[in-house]
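# Coordinate inspection notes
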Amino acid sequence: MSASDMVLTRSGLRYAGRLWPCTVGRGGIRADKSEGDGATPVGVHRIVGCLYRPDRLATPAPWAEPILPGDLWSDASGQPEYNHLVRAPYPHSHEDMRRADPMYDVVLLTDWNWPDAQTGRGSAIFLHQWRGRGRPTAGCIAFARRDLLRIAALAAPGTRLVVPEGLAYSG
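This text gives an overview of the structure that appears in the document. Being a predicted model, the structure only gives us computed values, none of them experimental.

For the structure shown, the criterion picks out 2 aromatic pairs. With centroids separated by 5.2 Å and ring planes inclined at 90°, the aromatic side chains of Trp73 and Phe126 adopt a geometry described as edge-to-face. On the criterion of sequence distance, the pair formed by Trp73 in strand 8 (residues 71-74) and Phe126 in strand 12 (residues 126-129) is long-range, its members being 53 residues apart. Judged by centre distance (5.6 Å) and plane angle (80°), the ring pair of Tyr104 and Phe126 falls under edge-to-face. Here Tyr104, found in the loop between strand 10 (94-96) and strand 11 (106-110), pairs with Phe126, found in strand 12; they are 22 residues apart in sequence, far enough to count as distant. A residue is classified by how much of its surface remains accessible, and Tyr104, at 3% relative accessible area, is buried.

Written out as structure tokens, the structure reads:
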């Protein structure tokens, strides 16, 4: 591991010389991640994108891309677009990236099961804003808004996100 890695610990995410409070998936942390299990996957992942709501905040990082009306994320296992950004109308299962709540105002995308998604291995593993301290996610890693904005400003494409196998448990 290098000093520039994001490393999940039992106490939070260690990154950029700080420990950032965070929450993980309601299904725990698992080496055998599957679609819909609510788990955060063990492994070494990379940050591959940053999306943000331009109608709600300024660009959080120079490489961030806007989330536009009609942007969706496919969670339709078995479809060619599975675990990719898609546009409405999209007839298969998906998440709306332009949510009414602030949870996806800033999203750091990981390369979990991407770009060549394997059916059923899980989708939409992001770093995003939490619903509140201690409130679990559907498998993502979530932070307080101010912390997420700082992390997004510090991160770069290719930043490693390490979720150690030693943290694995079922929620």
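All right, on to the side chain of Thr159 then. Within the secondary structure layout, Thr159 lies in the loop between helix 1 (145-154) and strand 14 (160-163). Take Thr159: its relative accessible area is 11%, and that puts it in the buried class. Only 2.7 Å separates the side chain of Thr159 from the backbone oxygen of Ala156, close enough to count as a polar contact. Here Thr159 is in contact with Ser4, Met6, Tyr15, His45, Arg46 and Ile47, once residues within four sequence places are set aside.

A full pass over the atoms with the stated rule returns 0 disulfides. In this structure Cys140 is not part of a disulfide, and its nearest cysteine sulfur, from Cys22, lies 12 Å away.

Picture the strands of a sheet paired through backbone hydrogen bonds; they go either parallel or antiparallel. Across the sheet, which stays open at both edges, the 3 strands sit in the order 5-4-15 with mixed pairing between neighbours. The sheet terminates laterally at strand 5 (40-41) and strand 15 (169-170), the two strands that pair on one side only. Across 2 bridges, the pairing between strand 4 (residues 28-30) and strand 15 is antiparallel. The residue of strand 15 that forms the bridge with Gly28 is Ser170.

Cut-offs and rules
- Residues numbered from 1 in each chain as written.
- Predicted model: local features only at pLDDT ≥ 70, side-chain atom pairs only at ≥ 80, totals over all residues.
- Heavy atoms only, no water.
- Phe/Tyr/Trp six-rings, centres within 6.5 Å; stacked < 30°, edge-to-face > 60°.
- Helix = DSSP H or I, 4+ residues; strand = E, 2+ residues; numbered from the N terminus.
- Buried < 20%, exposed > 50% of the residue type's maximum accessible area, 1.4 Å probe, protein only.
- Polar contact = N/O pair within 3.5 Å; in protein donor to acceptor, adjacent residues only side chain to side chain.
- Contact = heavy atoms within 4.5 Å.
- Disulfide = S-S within 2.5 Å.
- Pairing = 2+ DSSP bridges.

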